[in-house]
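# Structural features, examined
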Amino acid sequence: MDHSKALSTIVLNAISPSMDPGVTKSELARQFENGAQVLYATETGSRLYGTATSQSDQDIKVIYIPPLKKLLTGTSALNATFKTTKRNAPGVKNSAVDVDLEFIPMQVFLRHVFEGQTYAIELLFSALAATAPYQRYFPPLYREAMVNVCEVMAAKFINSNCDSAVGFATSQMVKYGLKGVRFKVLEALHELLTTLVQRFDSTALISATPEVPAAIAEFVASTPTNSKYVSLIDYVIDHDTGRTAPAIKIINKIIPYDRTLAKLINHVESLQSEYGARSRMAATTDVDWKSAHHAVRIIAQTLELQTTGALVLPLTNNPHFADMMAFKLKERSIAQLEAWLEKNLAALANIVEHGTGVLPTKTDKLADGFEEFLQNTMLQLYAEELS
């Protein structure tokens, strides 16, 4: 059910110049004075996911059209975040009475959907839900247009690219539960690559230096532990034709052979930095369970999207919903968090690597189609200003 009045009041107050303005809010208000229009607003965060507790604050995201005349004269499309409740001390967490708002330009939102950014996928399917226990607001003038655009995005342009979700969840694994053994493997691999750099041109492509994958293959075969975390694979780059390309897989990171040896070392060093930091914190029990819960949630909903082609909100029917809540309420151990993330990240990586999901691959052809759709959509939304 839509509680449009309550949410619309918050949104309209936020863009009113009569409110006590911060710098961002003041500029946002000026954009609306110059013709910006709200297209859609919805509660996000725990209220959208169905994981809210009595302590949860209210997060709202608003999709809007920036004024065309501002864009044409060099003013960028403003992505604005601000809070309706001031807090006296820095670092004080939001309470249940606080409201955080973020205003996102329509063209930015649509591009982020195509790129697979988690928040954008959530907003898209929140707008498409037939009924909603969370609050949302469609200005009557734009409701049909907004829903139609979201339907086309869901049907044609959501794709199997989930690098953003995998990257975030992997960083959470590093932070909360990885064993030192992975770090030792990375150290040994880095030592090998350093030796190779001394022998070969680091700016050359891996594919142009066959000794590099050969040396890594020898490294992989040398111990079962190495082969668990480093491998040489054929990476599917076109699921329609089945075309593959050789690549090196380091834990959950895939580096194609069309990268340079220097780039490969950079990837390993980046992982070393993250895994090393986690190794130094291995003895701590001070876990940010809120962030851990978000890692679980993002992987769970990404698995749902990849296997069904849609995301049902709230997430209460997601197969992993009980796990989300258990981690949020600190009812699981660090070891259980580690095991859950490893298992489900591996499942997600397997879907992407082998193309077994239901979503289309992000190809140049699909990207061209999206660009044309984005241009036509924005032209239609700006038709009145253009006339």
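See the structure above.
Residues numbered from 1 in each chain as written. Predicted model: local features only at pLDDT ≥ 70, side-chain atom pairs only at ≥ 80, totals over all residues. Heavy atoms only, no water.

### What about the pattern of salt bridges?
Counted under the stated rule, the structure contains seven salt bridges. Between glutamate 102 and lysine 61 there is a salt bridge whose closest N-O contact spans 3.5 Å. Taken together, the positions of glutamate 102 in strand β4 (residues 99–105) and lysine 61 in strand β2 (residues 58–65) put the pair 41 residues apart, joining distant regions of the chain. Aspartate 323 is the salt-bridge partner of arginine 332, the closest N and O atoms lying 3.1 Å from each other. A residue is classified by how much of its surface remains accessible, and arginine 332, at 26% relative accessible area, is partly exposed. You can call aspartate 323 buried: its relative accessible area is 16%. (Salt bridge = Lys/Arg side-chain N within 4 Å of Asp/Glu carboxyl O. Helix = DSSP H or I, 4+ residues; strand = E, 2+ residues; numbered from the N terminus. Buried < 20%, exposed > 50% of the residue type's maximum accessible area, 1.4 Å probe, protein only.)

### Points about unusual backbone geometry
Going from leucine 313 to proline 314, the amide bond is cis rather than trans, its omega being -5°. Positionally, proline 314 belongs in the loop between α13 (289–308) and α14 (321–328).

### Quick look at the layout of surface pockets
Volume-wise, the largest pocket comes out at about 1100 Å³. Lining the largest pocket are 35 residues, and of these Asn161, Asp163, Tyr235, Lys253 and Ile254 lie nearest its centre. Elements with a minimum of two residues in the lining of the largest pocket: α8 (163–176), β6 (230–238), β7 (243–250), β8 (253–256), α12 (261–280) and α15 (334–354). Taken together, the residues of the lining of the largest pocket break down into 14 nonpolar, 11 polar and 10 charged. (1 Å grid on protein atoms, 1.4 Å probe; cavity = no way out; pocket = protein on both sides within 12 Å on 5 of 7 lines; lining within 4 Å. Points joined across faces, edges and corners; volume = space filled by probe spheres on them. Nonpolar A, V, L, I, M, F, W, Y, C, P; charged D, E, K, R; others polar.)

### Focus on the packing of helix α6 (residues 118–128) against helix α7 (residues 143–157)
Axis separation between α6 and α7 bottoms out at 9 Å; the angle between their running directions is 120°. Considering their axes alone, α6 and α7 lie oblique with respect to each other. With respect to the hand of their crossing, α6 and α7 are arranged in left-handed fashion. Every residue of α7 that contacts α6 at Leu124, Phe125, Ala127 and Leu128 is listed here: Val147, Cys150, Glu151, Met153 and Ala154. Class assignment of the residues belonging to the contact of α6 with α7 gives a composition of eight nonpolar, no polar and one charged. (Axes fitted to C-alpha atoms, helices over the stretch in contact; angles between N-to-C directions. Parallel < 35°, antiparallel > 145°, perpendicular 65-115°, else oblique. Left-handed = near helix turned anticlockwise from the far one by under 90°. Contact = heavy atoms within 4.5 Å.)

### Re the nonpolar core
The nonpolar side chains of a soluble globular protein tend to be buried, and buried together. Counting residues in hydrophobic clusters, the biggest one holds 64 residues, and the most contacted among them are Ile63, Met106, Phe109, Met146 and Met153. Ignoring anything within four residues of it in the chain, the contact list for isoleucine 63 reads Gln37, Val38, Leu39, Tyr40, Ile104, Met106, Phe109, Leu123 and Met146. (Core = buried A, V, L, I, M, F, W, Y, C linked by side-chain atoms within 4.5 Å.)

### Here we look at the pairing of β2
The element β2 is largely enclosed, with a buried count of seven among its eight residues. Pairing geometry for strand β1 (residues 37–44) and β2, over seven bridges, is antiparallel. Residue pairing in the sheet places threonine 42 in a bridge with lysine 61 of β2. By the bridge criterion, seven bridges tie β2 to β4 in an arrangement that is parallel. Bridging from a neighbouring strand, isoleucine 60 pairs with leucine 101 of β4. (Pairing = 2+ DSSP bridges.)

### Examining the sheet that holds β6
Paired through their backbone hydrogen bonds, the strands of a sheet run either parallel or antiparallel. With antiparallel pairing, three strands are arranged side by side in an open sheet as β6-β7-β8. Strands with a single pairing partner mark the edges of an open sheet, and in this sheet they are β6 and β8. For this sheet, the mean angle separating the axes of adjacent strands, direction not counted, is 45°. As judged from the eight bridges shared by β6 and β7, these two strands associate in the antiparallel manner.

Read these as geometric descriptors, not functional statements.
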